[in-house]
Amino acid sequence: MAYTYTAWLLVIITEFLILVSITKAKVPAVIVFGDSSVDAGNNNAVSTLLKSNFLPYGRDFAGGHATGRFCNGRIPPDFISEAFGLKPAIPAYLDSNYNISDFTTGVCFASAGTGYDNATSAVLNVIPMWKELEYYKEYQNKLRAHVGNIKANEILTEALYLISLGTNDFLENYYILPTRQSQFTIKQFEDFLTGLAGNFIRNLYSLGARKISLTGVPPMGCLPLERAMNIMGQNDCVENYNKVALEFNGKLKALVARLNKELHGARLIFTDPYFIFSQIIKKPSLYGKFM
Ligand SMILES: *[C@@H]1O[C@H](CO)[C@@H](O)[C@H](O)[C@H]1NC(C)=O
Ligand SMILES: *[C@@H]1O[C@H](CO)[C@@H](O)[C@H](O)[C@H]1NC(C)=O
């Protein structure tokens, strides 16, 4: 039931180029919300089965250490942080090896397995998005106590906020459990999630965030587990899931355009991982050696 996706390096580079162009001012911190695509290890501190604190996770991370990232090495926010001249790896908020001194230049609130919908995070008892935001509020207070109000406000306003999730809402929730399917058609569910994404961003904005990147979903029908279960389709990608991913990304993109008009002083971008992922899956040899 753990739907995770890694191999994001090219997405990161694309994303980074876009980000640099909109964030000319310096970025003092990178602050992260979302699911396994960006979780730096928060699930280690949560009572869930969905963890990645064992090898081969982390085998290419500094020290070969399985941090709780769902990846062999670093994840996209780490590269983005490094590219802005900050830490090469963003610490997880719930990791007791770190404290507010470490979090001043970046912090991760993400939790693998979570979704926009509360019902998604409930499946594997991971951190719901409203709780990620509660942790962020707690972080703001700690930051103010640590560096003072003026400096804290500067950090919080100028920071880059990364939000990446959505896949689990479809694959762990809608297509598996009966509740949402009985309430919504798939298009209505996409709209429901888009509404929740909008509310999340509005809440984040009202707490002071201004530079925000919202990441869409990858070709989720090509995730290894989906292909493994697609026995009738010769273990090929599940085209229907990919179609939904494209449709949902279109809605998130439109949401970002609307929010840029609605939220005064905010600079939001939509980051679309779909096509670069597709390309990597279809033509892996173009991207180096794949085992
Ligand atoms: C954070 O931890 C370091 C040691 O790891 C310690 O030196 C520092 O005082 C701590 N900072 C705070 C604010 O607790
Ligand atoms: C999700 O749960 C939180 C906490 O119980 C609640 O405040 C929020 O309204 C819920 N969101 C939705 C869309 O039901």
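Throughout this description, residue numbers start from 1 for each chain and increase along the sequence as written. Ligands are numbered from 1 and chains lettered from A, in the order in which they are written. Note on the predicted model: pLDDT of at least 70 is required for a residue's local features to be given, and 80 or more for side-chain atom pairs to be given and counted; whole-chain, interface and lining totals, by contrast, use all residues. Side-chain descriptors were evaluated using all non-hydrogen atoms of the structure, hydrogens and water having been removed beforehand.

## Looking at the site of ligand 2
Part 1 of the argument: For this description, a residue counts as near a given molecule or strand if any of its non-hydrogen atoms is within 4 Å of it. Taken together, N118, W130 and L196 are the residues near ligand 2.
Part 2 of the argument: In protein, a polar contact requires one atom able to donate a hydrogen and another able to accept it; more generally it is a pair of N or O atoms within 3.5 Å, and residues adjacent in sequence count only if both atoms are side-chain atoms. At 2.3 Å from an oxygen atom of ligand 2 is found a side-chain nitrogen or oxygen belonging to N118.
Part 3 of the argument: In this structure, an oxygen atom belonging to ligand 2 sits 3.4 Å away from a side-chain N or O atom of W130.
Part 4 of the argument: For ligand 2, whose free accessible area comes to 360 Å², the fraction covered by protein is 36%. Only the protein chains shown count as cover for residues, and the accessible areas themselves come from Shrake-Rupley with a 1.4 Å probe.

## Considerations on the site of ligand 1
Part 1 of the argument: Looking at ligand 1, the residues that line it are N99, I100, S101 and H146.
Part 2 of the argument: In the model, an oxygen atom of ligand 1 is placed 2.3 Å from a nitrogen or oxygen of the N99 side chain.
Part 3 of the argument: In this structure, a nitrogen atom belonging to ligand 1 sits 2.9 Å away from a side-chain N or O atom of S101.
Part 4 of the argument: Compared with its free state, where it exposes 370 Å², ligand 1 has 30% of that area covered by protein.

## Some points on the state of the cysteines
Part 1 of the argument: Note on disulfides: each one is a pair of cysteine sulfur atoms within 2.5 Å. Summed over the entire model, instances satisfying the criterion amount to one disulfide.
Part 2 of the argument: Take C108: it sits in no disulfide, and the sulfur closest to it among the cysteines is that of C71, at 13 Å.
Part 3 of the argument: For every residue, the accessible area obtained with a 1.4 Å probe (protein chains only) is divided by the maximum for its type, and the residue is called buried under 20%, exposed over 50%, and partly exposed between those limits. Here C108 falls in the buried class, since its relative accessible area comes to 1%.

## Digging into unusual backbone geometry
Part 1 of the argument: For the peptide bond that leads from L55 to P56, omega is 10 degrees, which places it in the cis range.
Part 2 of the argument: What counts as a helix is a DSSP run of H or I of at least four residues, what counts as a strand is a run of E of at least two, and both are numbered from the N terminus. When you line up the elements, P56 lands in the loop between β1 (30-34) and α2 (76-83).
Part 3 of the argument: Positive phi, normally seen in glycine, also occurs at N125, with a value near 55 degrees.
Part 4 of the argument: Here N125 is to be found in the loop between α4 (118-123) and α5 (129-147).
Part 5 of the argument: The partly exposed category is assigned to N125, whose relative accessible area is 45%.
Part 6 of the argument: At Q234, a position not held by glycine, the phi torsion is positive, near 50 degrees.
Part 7 of the argument: Looking at the element boundaries, Q234 is found in the loop between α10 (224-229) and α11 (239-262).
Part 8 of the argument: In this structure Q234 comes out as exposed when scored by relative accessible area, which is 69%.

## Points about the sheet that holds strand β5 (residues 267-271)
Part 1 of the argument: The pairing criterion for strands is at least two bridges between them, as found by DSSP. The strand order across the open sheet built from five strands is β2-β1-β3-β4-β5, with neighbouring strands paired in parallel fashion. The sheet is open, and its two edges are formed by β2 (106-108) and β5, each paired on a single side. Taken pair by pair, the neighbouring strands of this sheet meet at an average axis angle of 15 degrees, ignoring direction.
Part 2 of the argument: We call two residues in contact whenever any of their non-hydrogen atoms come within 4.5 Å of each other. Every axis in this analysis is a line fitted to C-alpha atoms, fitted for helices over the stretch in contact. Angles between the N-to-C directions lie between 0 and 180 degrees. Against the sheet, α11 contacts β4 (211-215) and β5, and its axis sits at roughly 170 degrees relative to β5.

## Considerations on the packing of aromatic side chains
Part 1 of the argument: Pairing of aromatic side chains requires ring centres within 6.5 Å, counting the rings of Phe and Tyr and the six-membered ring of Trp. Pairs whose planes differ by under 30 degrees are stacked, by over 60 edge-to-face, and all others tilted. Evaluated as defined, the whole model comprises 22 aromatic pairs.
Part 2 of the argument: Taken together, a centroid distance of 5.2 Å and an interplanar angle of 70 degrees make the contact between F170 and F248 edge-to-face. With F170 in helix α7 (residues 167-174) and F248 in helix α11, the pair connects residues that are 78 residues apart, well separated along the chain. Each member of the pair, F170 as well as F248, is classed as buried.
Part 3 of the argument: A centroid spacing of 6.1 Å and a plane angle of 40 degrees characterise the contact between F184 and F189, whose relative ring orientation is tilted.
Part 4 of the argument: Among the residues examined, F189 registers a relative accessible area of 0% and is labelled buried.
Part 5 of the argument: By the ring-pair criterion, three or more aromatic residues cluster together here, those being F33, Y93, F103, F109, Y135, Y136, Y139, Y161 and F200.
Part 6 of the argument: Positioned above the aromatic ring of F79 is the side chain of R74, whose terminal nitrogen or guanidinium carbon lies 4.3 Å from the ring centre.
Part 7 of the argument: A ring has a charge above it when a Lys NZ or an Arg CZ is no more than 6 Å from the ring centre and no more than 35 degrees off the ring normal. The aromatic ring of Y205 is capped on one face by R210, whose charged end is 3.8 Å from the ring centroid.

## A few points about the pairing of β5
Part 1 of the argument: The element β5 is extensively covered by neighbouring structure, given that four of its five residues are classed as buried.
Part 2 of the argument: The pairing of β4 with β5 spans five bridges and is parallel. When the bridges of β5 are listed, T215 appears paired with T271.

## Some points on the confidence of the model for the protein
Part 1 of the argument: For the protein, mean pLDDT is 92; residues scoring 70 or higher make up 90% of the total.
Part 2 of the argument: Predictor confidence is given residue by residue as pLDDT, running from a minimum of 0 to a maximum of 100. Note on residues 1-10: pLDDT under 50 across the span, and 40 contacts to partners over four residues away in sequence or across chains.

## What about the pairing of strand β3 (residues 160-164)?
Every other side chain in a regular strand lies on the same face of the sheet, so the side chains alternate between the two faces.
Part 1 of the argument: Extensive coverage of β3 is indicated by the burial of five of its five residues.
Part 2 of the argument: Burial of β3 is two-sided: the residues L160, L162 and S164 facing one way and the residues Y161 and I163 facing the other way are all buried.
Part 3 of the argument: Bridge count between β1 and β3: five bridges; the pairing is parallel. By the bridge assignment for β3, V30 is matched with L160.
Part 4 of the argument: Here β3 pairs with β4 via five bridges, running parallel. If you follow L162 over to β4, its bridge partner there is S213.

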